[in-house]
Amino acid sequence: MPGPRLTGLGGGLFCGAVMLALGLLTEALFGASLTVYGVLFPPVCVLTALWVREGDVLIAPVVVPIAFAVGLVPVADEGGGSVPDRLMGMVTGLATQAGWLYGGTLLAGALVLVRRVRRVRRVRTAGRRPARNRAGKAPA
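This one's a predicted model, so the numbers in the text were calculated from it and none came from an experiment.

For the rest of this paragraph, the subject is the UniProt feature "transmembrane region" (unreviewed entry) in the protein chain. Feature annotation in UniProt assigns "transmembrane region" (unreviewed entry) to the following positions: residues 7-25, 31-52, 57-76 and 88-114. Helix makes up 95% of residues 7-25 and strand 0%, whereas the separation of the span's terminal C-alpha atoms amounts to 26 Å. Across residues 88-114 one finds 96% helix and 0% strand; the C-alpha atoms that close the span lie 37 Å apart.

Before going further, it helps to examine the packing of helix 1 (residues 8-30) against helix 3 (residues 60-75). Remark: helix 1 packs on helix 3, axes separated minimally by 7 Å, with the N-to-C direction vectors making an angle of 25°. Compared by their axis directions, helix 1 and helix 3 come out roughly parallel. Helix 3 is crossed by helix 1, and the crossing has right-handed handedness. Facing helix 1, whose interface residues are G11, G12, C15, G16, M19, L20, G23, L24, T26 and E27, helix 3 presents V63, V64, A67, V70, G71, P74 and V75. Class assignment for the residues of the contact of helix 1 with helix 3 results in 10 nonpolar, six polar and one charged.

Bringing the packing of aromatic side chains into the picture now. On inspection of all chains with the given rule, the structure shows three aromatic pairs. Ring centres 5.4 Å apart and planes at 50° place the aromatic pair F14 and W51 in the tilted group. Within this pair, whereas F14 is found in helix 1, its partner W51 is found in helix 2 (residues 34-51), the two being separated by 37 residues in sequence. Members of the aromatic cluster, connected to one another through ring pairs, are Y37, F41 and F68.

A separate point is unusual backbone geometry. Excluding glycine, a negative phi dihedral is what most residues carry, and trans is how most peptide bonds are arranged. Not every positive phi belongs to a glycine, and A32 is a case in point at roughly 60°. Relative to the helices and strands, A32 resides in the loop between helix 1 and helix 2.

About the thresholds
Residues numbered from 1 in each chain as written. Predicted model: local features only at pLDDT ≥ 70, side-chain atom pairs only at ≥ 80, totals over all residues. Heavy atoms only, no water. UniProt positions renumbered as here; feature names shortened; annotations may be inferred. Helix = DSSP H or I, 4+ residues; strand = E, 2+ residues; numbered from the N terminus. Axes fitted to C-alpha atoms, helices over the stretch in contact; angles between N-to-C directions. Parallel < 35°, antiparallel > 145°, perpendicular 65-115°, else oblique. Left-handed = near helix turned anticlockwise from the far one by under 90°. Contact = heavy atoms within 4.5 Å. Nonpolar A, V, L, I, M, F, W, Y, C, P; charged D, E, K, R; others polar. Phe/Tyr/Trp six-rings, centres within 6.5 Å; stacked < 30°, edge-to-face > 60°.

Spelled out as structure tokens, the structure:
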């Protein structure tokens, strides 16, 4: 599978940074539309689940909901922009966009499970193959 191979930390930073950038972009272009922000979330989940290296693949379903909340900060605004208003906007955004949040996390989790099952099968079948000597021939 071509593409970047991110560590667990790199995958979390990638997902968080992209969602924060999309949140800022959504606020600037669409007037802080929570629906637009929610629609942009599943593709980021897919990219994160596919780009994390195989050894750290189980981290993807953990970091995507955190990244959703990080990116929601600029989008969530209830009124004057004070800290309590921003927190109320975060709670409202998480409640009203739970479908996108759960859907994206489920999508990342499904991709991670498929990748993990494929890796385990590949390791098991590699263990069943006969060993080769230095000349590249199987022992007799």
